[in-house]
Amino acid sequence: MSRISPEPERPRPRPHQPIPRRPASATGAGVVGIVFGLVAASGAVYTLLLLTEGNGFGLFGLPVLAMGVGFLRNGTKVLAGAAYSGDRLSRLAVLPATISGLGVMGMLAGADWDNDATLPQLTGFVVAFLLSFLLIALCERQSTKTYLDED
């Protein structure tokens, strides 16, 4: 008589099968996601500290802090090889890419170039756009998708 177990048995790893190596694109995606998350979270904490000055600009730090934590979480999951973490990370990177792309176009359309703050702000938008583009490209590479079982 066969006994029915409540959970199916997992296949046992065979000793002769090598452990799959993490491709460079997956490592890069995880590292860029973590760095992006650290920068976003630290910027959000700084923005939240502006609440003490009495302006309402500091409240913008709350969604940015949540986004930074999301980048950190999914970046570490990509490095750990969790399934579908690359897809979540690339979808999360669309938000700063969109916002910074709109910011760049808006500044090019009507910026006051005599202002001292214009060029650093434009540089920040361009860097955020390029990092988001790099992160999406690394997450969408076939080697990353194969490693994270996203085929």
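Above this text sits the structure in question.
## Observations concerning the overall build of the chain
On a plain count of helices and strands, the chain comes out with five helices and zero strands. Ordered by position in the sequence, the α and β elements of the chain form the string α-α-α-α-α. For the chain, the proportion of its 151 residues judged to be buried stands at 30%. Taking as baseline every contact in the chain between residues at least 6 positions apart, the subset at least 24 positions apart corresponds to 66%. Entry remark: accessible area of the chain is about 10,300 Å², with carbon and sulfur atoms responsible for 65%.

## Remarks on a nonpolar patch on the surface
Taken together, M105, L108, W113 and L119 make up a surface patch of nonpolar side chains, about 460 Å² in accessible area. Inspection of the secondary structure assignment puts W113 in the loop between α3 (85-110) and α4 (118-139). When its relative accessible area of 45% is taken as the criterion, W113 is described as partly exposed.

## Focus on the layout of surface pockets
If you add up the space inside the largest pocket, you get close to 780 Å³. As for the largest pocket, its lining consists of 22 residues, and the residues nearest its centre are V64, M67, G124, F125 and A128. Mapped by element, the contributors of at least two residues to the lining of the largest pocket are α1 (24-49), α2 (61-80), α3 and α4. Residue contributions to the lining of the largest pocket peak at seven residues, all from α1.

## Some details on the packing of aromatic side chains
This model, assessed by the stated rule, comprises one aromatic pair. Plain terms: the ring middles of F36 and F71 are 4.7 Å apart, the flat faces sit at 10 degrees to each other, and that makes the pair stacked. Taken together, the residues F36 in helix α1 and F71 in helix α2 connect sequence positions 35 residues apart. The two residues F36 and F71 agree in class, both being buried.

## Structural notes on α1
An α-helix turns once every 3.6 residues. As a result, residues three or four positions apart point the same way. The terminal C-alpha atoms of α1, which comprises 26 residues, lie 37 Å apart, in line with the 38 Å expected from a rise of 1.5 Å per residue. Residues of α1 that are buried include every one of S25, A26, A29, G30, V32, G33, F36, G37, A40, A41, A44 and T47, and no others.

Definitions and limits used
Residues numbered from 1 in each chain as written. Predicted model: local features only at pLDDT ≥ 70, side-chain atom pairs only at ≥ 80, totals over all residues. Heavy atoms only, no water. Helix = DSSP H or I, 4+ residues; strand = E, 2+ residues; numbered from the N terminus. Buried < 20%, exposed > 50% of the residue type's maximum accessible area, 1.4 Å probe, protein only. Contact = heavy atoms within 4.5 Å. Areas by Shrake-Rupley, 256 points an atom, 1.4 Å probe, with all protein chains shown as cover. Patch = residues over 30% accessible without salt bridge, like charges linked within 9 Å, V, L, I, M, F, W, Y side chains within 5 Å. Salt bridge = Lys/Arg side-chain N within 4 Å of Asp/Glu carboxyl O. 1 Å grid on protein atoms, 1.4 Å probe; cavity = no way out; pocket = protein on both sides within 12 Å on 5 of 7 lines; lining within 4 Å. Points joined across faces, edges and corners; volume = space filled by probe spheres on them. Phe/Tyr/Trp six-rings, centres within 6.5 Å; stacked < 30°, edge-to-face > 60°. Expected span 1.5 Å × (residues − 1).

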